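Reading the structure
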Amino acid sequence: MRSEIVIIGGGIVGVTLAYELAKRGEQVTVLEKKYIGSGSTFRCGTGIRQQFTDEANIKVMKRSVELWKKYSEELGFPFKQTGYLFLLYDDEEVKEFKKNIKLQNRLGVPTRLITPEEAKEIVPVLDTSEVIAASWNPTDGKADPFFATTAFAREAEKLGAEILEYTEAKDIIVEEGEIKGVKTNKGMIETGIIVNAANAWAKLINAMAKIPIKIPIEPYKHQGVITQPLKEGQINPMVISLKYNDAYLTQTEHGGIIGGVGVEYGPTYDLTPTYEFIREVSKAFIKIIPVLGELLILRTWAGFYAKTPDSNPAIGRIEEIDEFYIAAGFSGHGFMMAPAVAEMLADLITKGRTDLPVEWYDPYRFERGELRETALQMG
Ligand SMILES: Cc1cc2nc3c(=O)[nH]c(=O)nc-3n(C[C@H](O)[C@H](O)[C@H](O)COP(=O)(O)OP(=O)(O)OC[C@H]3O[C@@H](n4cnc5c(N)ncnc54)[C@H](O)[C@@H]3O)c2cc1C
């Protein structure tokens, strides 16, 4: 079998890229070792925010939100702009967020500093007794990862992309710096262009291609929780509290509360949920919204954050191997970034350039010791 472009990894990043490339008339195949979304994507917290602290991530996320909106209408999956509400508890935090809000506003993201009373109007069940202000952007939102990933995959297939599930990349054949093909558990696929979209497994793919530069991406275990339903429409935005263990929570369509806290283990490929997580998530959630103490936890699960030293992904082309690209290391915020990342990479592959600030995610920055300002890692 031959394919012009092979994407390794069928998570949200792999399938949105397949969709972008297929739309541009490129012949593309996605290899997924299990089923699409089975990596981190189906385990994520659904959140999509533009409230970052540096220019590149804000610009990329502004574009991503535009694309989430456009594609949710075109492909028919739900994306809700219900906002992100960061609760702030002391002057230091307020000062920091004022600075971020100024930058976000300059780049066209309409975040505002609001009072605890205004925050309570948005989420009436909040305990605001310790809250002194909040950072509120009504254009942030959430999307269902199952619905969205499947919609992108099916649409990509309609446009001619091949998505091969239960097909694992086992080795990459490179001769004199040129890619010849990918060996899989189901045979060889000849290709000249490979994209590593394997996120938590990206280092294994880099090793197959013998990438000569160091791109430190390690898997860390993070967990999610879902509770029994609360009365509908109580917690529409994603509510964040950095003070209470980096907690994030929101209400799903069926009323349950989904979210997590910053309990982290790793580097590890273990995915066993832990009691420590249940204890810490309960403590934090009840502190933020006391009524949550009345709800039963229905389920917890674990997934990976593929972390880099500055919590920014590595996105770009590896020069030493002709036509090898990477988009991995999303450090806990790759679901939200995917549509913009797909556009960026599709531009790089088909035109050799992009208008989005891809340099920020330069895979060579680690080797050069030029770490970026650390991106805000949630959960
Ligand atoms: C608990 C939790 C909460 C999160 N909350 C959020 C959130 O609110 N918002 C947000 O934006 N992000 C969130 N994230 C992060 C988000 O889930 C990831 O950043 C995102 O899903 C990454 O997508 P991906 O396509 O890069 O990786 P993945 O979805 O992991 O896809 C990579 C795929 O590659 C496949 N693969 C690996 N090796 C091979 C091989 N050799 N051959 C073939 N296939 C292979 C894997 O099976 C996997 O399906 C959260 C993550 C967790 C764990």
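Residues numbered from 1 in each chain as written. Predicted model: local features only at pLDDT ≥ 70, side-chain atom pairs only at ≥ 80, totals over all residues. Heavy atoms only, no water.

Considering the overall build of the protein chain
Let me state the cut-off plainly: Helix and strand definitions here come from DSSP, where helices need a minimum of 4 consecutive H or I residues and strands a minimum of 2 consecutive E residues; each element is numbered from the N-terminal end. What the globule rule says is 2.2 Å times the number of residues to the power 0.38, and the radius of gyration is computed from C-alpha atoms. The buried label applies to any residue whose accessible area, calculated with a 1.4 Å probe on protein chains only, is under 20% of its type's maximum; exposed applies above 50%, and partly exposed to all values in between. Residue contacts follow a heavy-atom distance rule, with two residues in contact if any of their heavy atoms lie within 4.5 Å. A 1.4 Å probe and the Shrake-Rupley method give the accessible areas. Residues count as covered only by the protein chains that appear here.
Across its full length, the protein chain carries nine helices and 20 strands. Rg of the C-alpha trace for the protein chain: 20 Å, near the compact-globule value of 21 Å for 379 residues, within the 12% margin. Taken over 379 residues, the protein chain has a buried fraction of 60%. For the protein chain, the share of sequence-separated contacts (at least 6 apart) that also reach a separation of at least 24 residues comes to 73%. For the protein chain, the exposed area adds up to about 15300 Å²; of that, 51% sits on carbon and sulfur atoms.

A short note on the nonpolar core
Soluble globular proteins: nonpolar side chains tend toward being buried together. Applied cut-off: The set of buried Ala, Val, Leu, Ile, Met, Phe, Trp, Tyr and Cys residues whose side-chain atoms join them within 4.5 Å is what this entry labels a nonpolar core. By convention here, the domain bounds are inherited from an automatic or database domain assignment.
Core analysis: the largest hydrophobic core is formed by 75 residues, its most contacted members being Ile7, Ile48, Trp68, Phe152, Ile315, Val341 and Leu345. No fewer than three residues from each of domain 1 (2-44 + 146-217 + 310-361) and domain 2 (83-140 + 218-307) sit in this core. Apart from the residues within four sequence positions on either side, Val341 is in contact with Val13, Ile315, Ala327 and Phe330. Ile189, Ala314, Ile318 and Ile321 belong to the second largest nonpolar core, which has 30 residues in total.

Quick notes on the site of the ligand
Put simply, the rule reads: If a single non-hydrogen atom of a residue is within 4 Å of a molecule or strand, that residue counts as near it. Polar contact is defined as a pair of N or O atoms within 3.5 Å, subject to the rule that within protein one atom must be able to donate a hydrogen and the other to accept it, and that residues adjacent in sequence are counted only when both atoms are side-chain atoms. When residue character is reported, Ala, Val, Leu, Ile, Met, Phe, Trp, Tyr, Cys and Pro are called nonpolar, Asp, Glu, Lys and Arg charged, and the others, Gly included, polar.
Inspection of the region around the ligand gives 37 residues, with Glu32, Ser40, Thr41, Gly45 and Met336 positioned closest. Contacts to the ligand include Gly47, whose backbone N or O atom sits 2.9 Å from a nitrogen atom. In this structure, Met336 approaches the ligand through a main-chain N or O atom, which is 2.7 Å from an oxygen atom. Here the ligand has 1000 Å² of accessible area as a free molecule, and 98% of this is covered by the chains. Listing elements by their share of the shell around the ligand, those giving two or more residues are helix H1 (12-23), strand S18 (297-307) and helix H8 (334-351). A class-by-class count of the residues in the shell around the ligand yields 16 nonpolar, 17 polar and four charged.

Description of the pairing of strand S11 (residues 178-184)
What counts, and what does not: Any two strands with at least two DSSP-identified bridges between them are counted as paired.
Judged from the six bridges that link them, strand S10 (residues 169-175) and S11 form a sheet pairing that is antiparallel. Bridged to Asp171 within S11 is Lys183. Hairpin connection between S10 and S11: a loop of two residues separates the two successive antiparallel strands, and Glu176 in this loop has a positive phi of roughly 45°. Bridge analysis of S11 against strand S12 (residues 187-190) gives four bridges, and the strand direction is antiparallel. Counted as the bridge partner of Lys183 is Met188 from S12. The turn linking S11 back onto S12 is made up of two residues.

Quick look at helix H7 (residues 275-288)
To keep it simple, the criterion reads: Take the number of residues in a helix, subtract one, and multiply by 1.5 Å to get its expected span. Taking the helix axis as origin, the arc is that swept by the directions to the C-beta atoms.
Helix length check: H7 (14 residues) gives 20 Å between terminal C-alpha atoms against 20 Å at 1.5 Å per residue, within 8%. Those residues of H7 that fall on the buried side of the exposure criterion are Phe277, Glu280, Val281, Ala284, Phe285 and Ile288. Taken around the axis of H7, the buried residues stretch over an arc of 125°, which confines them to a single face. Pointing more than 90 degrees away from the buried face of H7 are the exposed residues Tyr275 and Lys283. On its buried face, H7 sits against strand S5 (84-88), strand S14 (218-227), strand S15 (238-241), strand S16 (247-251), strand S17 (257-260) and S18.

Quick word on the packing of aromatic side chains
Test applied: For this analysis, a ring pair means two rings from Phe, Tyr or Trp (six-membered ring only for Trp) whose centres lie within 6.5 Å, classed as stacked if their planes differ by under 30 degrees, edge-to-face if by over 60, and tilted for the remaining angles.
In the structure shown here, the tally under the stated rule is 16 aromatic pairs. On the numbers, 6.2 Å between centres and 25° between planes, the contact of Trp68 with Phe79 is stacked. Here Trp68 is found in helix H2 (residues 55-75), whereas its partner Phe79 is found in strand S4 (residues 79-80), with 11 residues between them in sequence. Exposure remark for Trp68: the relative accessible area of 0% places this residue in the buried category. Residues Tyr89 and Tyr244 carry aromatic rings whose centres are separated by 5.6 Å and whose planes lie at 90° to one another, so their mutual orientation is edge-to-face. In this pair, Tyr89 is assigned in the loop between S5 and helix H3 (91-106) and Tyr244 in the loop between S15 and S16, connecting sequence segments 155 residues apart. Of the residues examined, Tyr244 reaches a relative accessible area of 17% and is grouped as buried.

Describing the domain arrangement of the protein chain
As a reminder of what qualifies: Once two parts are joined, some of their accessible surface, as seen by a 1.4 Å probe, is lost; buried area is that loss totalled over both. Salt bridges are defined as contacts in which a side-chain nitrogen from Lys or Arg sits within 4 Å of a carboxyl oxygen from Asp or Glu.
Annotation of the protein chain at the domain level lists domain 1 (2-44 + 146-217 + 310-361) and domain 2 (83-140 + 218-307). Relative placement of domain 1 and domain 2: their C-alpha centres are 30 Å apart. Between domain 1 and domain 2, roughly 1100 Å² of surface is buried when both sides are summed, and carbon and sulfur atoms account for 54% of that area. When the buried surface of domain 1 facing domain 2 is broken down by residue, Arg43, Ala200 and Ile217 rank first, second and third, together holding 41% of it. Counting across the domain 1 and domain 2 interface gives one salt bridge.

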